[in-house]
Amino acid sequence: MSEKKAVFFCSASNNIDPKYNQAARETVRAACLAGYSIVSGGSFRGTMGAVCDAAKECGAPNYGVLPSFMEGLEYEGLTELRWAPTMSIRKEMMREGVSLAVALPGGIGTMDELFETVVLAKLGQFRGRIGVLDFEGFYEPLKALLKHFVDTGMMTQEDADLVHFASTPEELAKIF
Ligand code: AMP
């Protein structure tokens, strides 16, 4: 059987409330329990570090992809660390072979990773499921933006429905 992989898009910031990293760890644990190997940005920074910690604790294979200009930011103890020449190629490498992409609470980099994945999904170029952890309503503005796109005809409801929002790790795990 081929390896089941899930990629996590998440904050690189060390300046966030620890509750976000706690929610991230619980979500990664749920993915590990569902049999996924974990792929992330591979840095020790911010929520990425929490994702790697949780994967390690669960004993799941833990893959990281960093751009070569970020040498020195890699998480120690990854199962495999791969270097990407650019941020764009890093996103492609992070998505390689994954059947699940999850956006945890994050900022502009997380949105870049999520949006590119949704665009590829709507074009049939990404065939995995896409989940968003709307922890404590963090992504209500994103939900409103997608609704606005649908209401104005900029996006079909079918494409908006490619993104599965859930407010807790347990609820999100239903799509794992
Ligand atoms: P952000 O949501 O802006 O904190 O960006 C985090 C996401 O973008 C992560 O999933 C990373 O893949 C990428 N990223 C952005 N900034 C960094 C950084 N300083 N170090 C490592 N990865 C980063």
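Going by the structure above, here's the rest.
Quantities reported herein were computed from a predicted structural model and do not represent experimental measurements.

(A) Looking closely at the nonpolar core. If you look at the biggest cluster of nonpolar residues, it comprises 26 residues, and the most contacted ones within it are Phe8, Val28, Ile38, Val51, Leu104 and Phe176. In terms of residues, this core owes the most to one element, helix α1 (residues 18–33), which gives 7 residues. The contact partners of phenylalanine 176, leaving out residues within four places of it in the chain, are Thr27, Ala30, Ala31, Ala34, Tyr36, Leu100, Val102 and Arg129. If you look at the next biggest cluster of nonpolar residues, it comprises 25 residues, including Tyr63, Val65, Ile130 and Met155.

(B) Highlighting the environment of valine 163. Summarising the element assignment, valine 163 is placed in strand β7 (residues 163–166). The class for valine 163 is buried, based on a relative accessible area of 8%. Sequence separation between valine 163 and alanine 24 is 139 residues; the distance between their C-alpha atoms is 18 Å. If near-sequence neighbours (up to four positions away) are discounted, valine 163 is found in contact with Val118, Ile130, Val132 and Leu146.

(C) Inspection of the site of the ligand at higher detail. Taken together, 13 residues lie near the ligand, and Ala12, Gly107, Gly109, Thr110 and Glu113 sit nearest. Contact between the ligand and arginine 90: an oxygen atom at 2.9 Å from a side-chain N or O atom of the residue. The contact in question runs from an oxygen atom of the ligand to an N or O atom on the backbone of glycine 107, over 2.7 Å. In the complex, the protein chains occlude 83% of the 480 Å² of accessible area that the ligand would expose alone. A per-element tally of the shell around the ligand places helix α4 (residues 108–122) first, with 4 residues. In terms of residue class, the shell around the ligand is built from 5 nonpolar, 5 polar and 3 charged.

Calculation criteria
Residues numbered from 1 in each chain as written. Predicted model: local features only at pLDDT ≥ 70, side-chain atom pairs only at ≥ 80, totals over all residues. Heavy atoms only, no water. Core = buried A, V, L, I, M, F, W, Y, C linked by side-chain atoms within 4.5 Å. Buried < 20%, exposed > 50% of the residue type's maximum accessible area, 1.4 Å probe, protein only. Helix = DSSP H or I, 4+ residues; strand = E, 2+ residues; numbered from the N terminus. Contact = heavy atoms within 4.5 Å. Near = heavy atom within 4 Å. Polar contact = N/O pair within 3.5 Å; in protein donor to acceptor, adjacent residues only side chain to side chain. Areas by Shrake-Rupley, 256 points an atom, 1.4 Å probe, with all protein chains shown as cover. Nonpolar A, V, L, I, M, F, W, Y, C, P; charged D, E, K, R; others polar.

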